[in-house]
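Structural overview for review
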Amino acid sequence: METVEMNSVSLKRPRSEDDVASADEIKRQKILEKSKAGNDSGENIETVTEQPEGMKSEIIPNEESEEQEEEEVEDSDEDGDPESFADMMKHGLTESDVGITKFVSSHKGFSGILKERYSDFVVHEIGKDGRVSHLDDFSVPVDDEDPSEETFTVLSDEDKQRLEELQLFKNKETSVAIEVIEDTKEKRTIIHQAVKSLFPGLETKTEDRDGKKYIIAYHAAGKKALANPRKHSWPKSRGSYCHFVLYKENKDTMDAINVLSKFLRVKPNIFSYMGTKDKRAITVQEIAVLRITAQRLAHLNKCLMNFKLGNFSYKNHPLKLGELQGNHFTVVLRNITGTDDQIEQAMHSLREIGFINYYGMQRFGTTAVPTYQIGRAILQNNWNEVMDLILKPRPGAEKGYLVKCREEWAKTKDPAAALKKLPVKRCVEGQLLRGLLKYGMKNIISAFGIIPRNNRLMYIHSYQSYVWNNMVSKRIEEYGLRAVPGDLILKGATAVHIEEDVDNYTIHDVVMPLPGFDVIYPKHKIGEAYKEMLVADNLDINNMRHKIRDYSLSGAYRKIIIRPQNVNWEVVAYDDPKIPLFTTDLDKLEGKPLPVLPTDGKFRALKMEFSLPPSTYATMAIREVLKMDTSIKNQTQLNTTWLR
């Protein structure tokens with residue numbers, strides 16, 4: 001799975017006693033300022049608060065009221081006590097807990113703040129043709145088949161509400177009648193076009209009622225019509241898919257597609273994309289949608305916050321997950337402490353050597369129950385342990401309603417009683433409890449199966465990642481940064497061992513396997529270390545097939561060192577922590593100039609750019625530069641003025 005998700009990281013070294021002494025006062029002041037200002041500025045000094053990968057992968061359409069209610073519950077629960085958070089996170093994971101222990105560079109580390117503003121982290125997708133996605137054109141392809149601009153305004157809000165309810169089968173009506181106020185043939189034509197283009201699946205006809213003309217909207221072909229936009233309304237000469245560039249701020253890809261589908265009144269599954277992008281960032285990526293016109297998409301730019309759509313084109317194919325070449329990152333590390341020499345050494349090392357391709361902390365969760373432990377229990381076929389690990393109380397930072405749900409479960413082992421404590425039913429815990437209610441406590445396998453497949457597999461992939469991280473650290477400790485006999489390299493898609501021809505390869509060629517039934521292992525000490533680690537976990541490395549096919553692991557190969565491409569950097573001075581330090585695609589389109597920066601400001605920032613292949617973690621590249629532990633546990637302990 002491709003991953004670029006990183007939330008705010010405050011990467012600071014321990015401070016002096018004077019700093020710590022004034023921490024409480026600073027914190028009180030910042031809380032007061034934040035409560036006055038609200039949460040609209042986009043500024044936030046945080047530690048790593050990364051979520052387990054895949055947890056937001058399931059799109060559940062047409063549940064707006066439930067979704068809205070759950071969002072309100074989640075928002076209201078955010079106002080915890082910041083002072084207790086560092087204590088709570090003492091129970092979280094550190095990098096060493098998941099095998100992240102080595103660095104490849106020799107420079108001295110330094111401090112910096114990542115994502116002080118979400119606009120300090122910008123991701124541009126790199127397509128399979130190597131082209132970097134940019135939003136630089138709002139124009140709509142000229143098409144004689146497109147409806148007029150009046151199509152979007154001819155219907156009243158009340159008409160749109162009634163038509164949406166009809167389209168989504170939300171009431172018992174079989175049709176909706178719209179009176180034609182100024183009756184002309186042109187006006188009737190525009191209303192017909194508006195209904196058919198804005199509400200796929202509805203047909204229209206004209207009727208006379210009591211001397212007045214009405215446009216009658218009705219379902220064309222039952223409930224299937226919504227999922228399959230009307231084929232006959234799309235010109236044959238036009239590609240079936242409208243491709244566009246989505247520029248989004250502070251929203252993840254799944255949320256963005258849910259919002260777009262809601263505004264367009266279509267199901268989310270008609271959208272396709274090559275990779276999911278982070279929430280707390282500005283991201284630019286290509287999206288394709290089936291039989292929605294560019295004109296209709298462009299109209300959303302007038303009514304959506306934090307999104308812009310552009311660079312429209314029609315093509316005959318959708319996009320496929322994983323088709324991308326990677327992502328290009330533009331990152332600002334603010335308030336850095338490193339000397340110019342330290343920064344030069346760090347960035348030269350990143351460009352020339354690279355970084356260890358560890359799976360980042362977001363792969364393993366943020367609570368005292370790591371996701372890899374659940375994955376291990378699944379592979380062991382220990383379903384009572386799986387249920388217990390997901391539902392049991394745990395120390396650490398969690399939302400209040402989850403804490404109450406877990407306490408109820410520990411006390412009663414009653415799924416119905418625990419579920420009542422949970423207003424957000426679509427979280428993993430809620431889904432498992434619903435499954436236990438449906439299938440009973442003696443059929444945990446079926447109950448667990450209610451959880452969306454991507455989320456279930458995330459646990460197993462987390463265990464594979466845990467093994468891989470640990471083995472790579474052992475490999476580097478044992479043999480350093482050179483290729484040695486017994487290492488694995490890829491020839492095409494096939495892994496082979498390095499024999500006598502070791503001088504033909506470098507560390508950048510070496511791969512290591514994620515455990516599975518379809519991989520081979522190194523022929524040196526690390527091959528044995530894999531077996532020993534799995535034996536200690538009561539697993540057989542020679543039998544990674546599971547009796548439930550979904551949980552059988554075929555394995556894969558992953559390069560142990562990644563050398564970023566297109567690495568550039570610059571140190572800039574600034575006084576105001578609120579000002580942007582580079583221009584985004586949207587800034588350029590709107591003609592916004594970059595603020596004038598002082599030559600000798602109070603603070604220094606490191607602006608860095610680099611490109612990474614899919615499935616690599618930008619956190620791990622930044623970790624190599626700063627030489628800092630990126631775990632939420634470590635950062636909350638180092639940065640005692642952590643604020644939400």
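All values derive from a computational prediction rather than experimental measurement. (Residues numbered from 1 in each chain as written. Predicted model: local features only at pLDDT ≥ 70, side-chain atom pairs only at ≥ 80, totals over all residues. Heavy atoms only, no water.)

1. Structural notes on the sheet that holds strand β13 (residues 488-491)
Our working rule: Here the rule is simple: two strands pair whenever DSSP picks up at least two bridges between them. By the criteria applied, helices consist of DSSP H or I runs no shorter than four residues and strands consist of E runs no shorter than two, each listed in order from the N terminus. Lines fitted to the C-alpha atoms define the axes, with helices restricted to the stretch that makes contact. Angles between their N-to-C directions range from 0 to 180 degrees. In what follows, residue pairs with any heavy atoms lying within 4.5 Å of each other are defined as contacts.
Taken together, the four strands give an open sheet; going across it, the order is β14-β13-β15-β16, and neighbouring strands pair in antiparallel fashion. Single-partner strands in this sheet number two, and they are β14 (494-497) and β16 (556-559). Shown here is a sheet whose adjacent strand axes are inclined to one another by a mean of 55°, direction ignored. Here β13 pairs with strand β15 (residues 510-514) via two bridges, running antiparallel. Its bridge partner lying in β15, Ile 489 is registered against Val 510. Against the sheet, helix α17 (residues 453-479) contacts β15 and β16, and its axis sits at roughly 145° relative to β15.

2. Focus: the confidence of the model for the protein chain
Condition: pLDDT expresses how confident the predictor is about each individual residue, on a scale running from 0 to 100.
Looking at the protein chain as a whole, its pLDDT mean stands at 81, while 80% of the residues score no less than 70. Mean pLDDT across the secondary structure elements of the protein chain bottoms out at helix α1 (residues 17-21), with 37, and peaks at strand β17 (residues 561-562), with 98. The model gives residues 1-10 a pLDDT under 50, and that stretch makes 63 contacts with residues more than four places away or in other chains. In this model residues 12-83 is a low-confidence stretch, pLDDT under 50, and it forms 145 contacts with partners more than four residues away in sequence or in other chains.

3. Some points on helix α20 (residues 618-626)
Rules: Each residue is placed in one exposure class: buried if its accessible area under a 1.4 Å probe, protein chains only, is under 20% of its type's maximum, exposed if it is over 50%, and partly exposed if it falls in between.
Among the nine residues in α20, nine count as buried, and that is most of the element. When α20 is considered as a whole, its buried residues turn out to be Ala 618, Thr 619, Met 620, Ala 621, Ile 622, Arg 623, Glu 624, Val 625 and Leu 626. Following α20 by one or two positions, Lys 627 has its phi on the positive side, about 60°.

4. Quick word on the nonpolar core
Applicable threshold: Nonpolar core, defined: a set of buried Ala, Val, Leu, Ile, Met, Phe, Trp, Tyr and Cys residues in which side-chain atoms within 4.5 Å join the residues together.
Counting residues in hydrophobic clusters, the biggest one holds 103 residues, and the most contacted among them are Phe 448, Leu 606 and Met 608. Per-element accounting of this core gives the leading share, twelve residues, to α17. Look past the residues within four positions of Phe 448 in its chain and what remains in contact with it is Ile 378, Trp 383, Val 386, Ile 390, Leu 432, Arg 456, Tyr 459 and Tyr 551. Counting 28 residues, the second-largest nonpolar core is a separate cluster that includes Leu 260, Ile 292, Phe 307 and Phe 312.

5. Regarding the pairing of β14
By the alternation rule, side chains of β14 split into Ala 495 and His 497, which are all buried, and Thr 494 and Val 496, of which none is buried. What sits between β13 and β14 in their antiparallel hairpin is a turn of two residues, with Gly 492 showing a positive phi close to 70°.

6. Overview of the environment of Tyr 530
Looking at the element boundaries, Tyr 530 is found in helix α18 (residues 525-536). A residue is classified by how much of its surface remains accessible, and Tyr 530, at 0% relative accessible area, is buried. Each C-alpha atom of the pair Tyr 530 and Met 471 lies 6.9 Å from the other, and the pair is 59 residues apart in sequence. The contacts of Tyr 530, once residues within four sequence positions are left out, are Val 467, Trp 468, Met 471, Met 512, Pro 513, Tyr 521, Pro 522 and Ile 541.

7. Here we look at the packing of aromatic side chains
What characterises a pair of aromatic rings is the spacing of the ring centres plus the angle enclosed by the ring planes. Which entries qualify depends on this criterion: The rule is short: rings of Phe, Tyr and Trp, with Trp giving its six-membered ring, pair when the centres are within 6.5 Å, and they are stacked under 30 degrees, edge-to-face over 60, tilted in between.
Going through the model one piece at a time under the given rule, you end up with 14 aromatic pairs. Consider the rings of Phe 244 and Phe 312, whose centres lie 6.4 Å apart with planes at 40°: the pair is tilted. Highlighted residues: Phe 244 in strand β7 (residues 241-249) and Phe 312 in strand β10 (residues 307-315), separated in sequence by 68 residues. Considering the side-chain rings of Tyr 372 and Tyr 466, the 3.7 Å spacing of their centres and the 5° angle between planes classify their relative orientation as stacked. Separated by 94 residues along the polypeptide, Tyr 372 in helix α11 (residues 371-379) and Tyr 466 in helix α17 bring together distant segments of the chain. Judged by relative accessible area, which is 7%, Tyr 372 ranks as buried.

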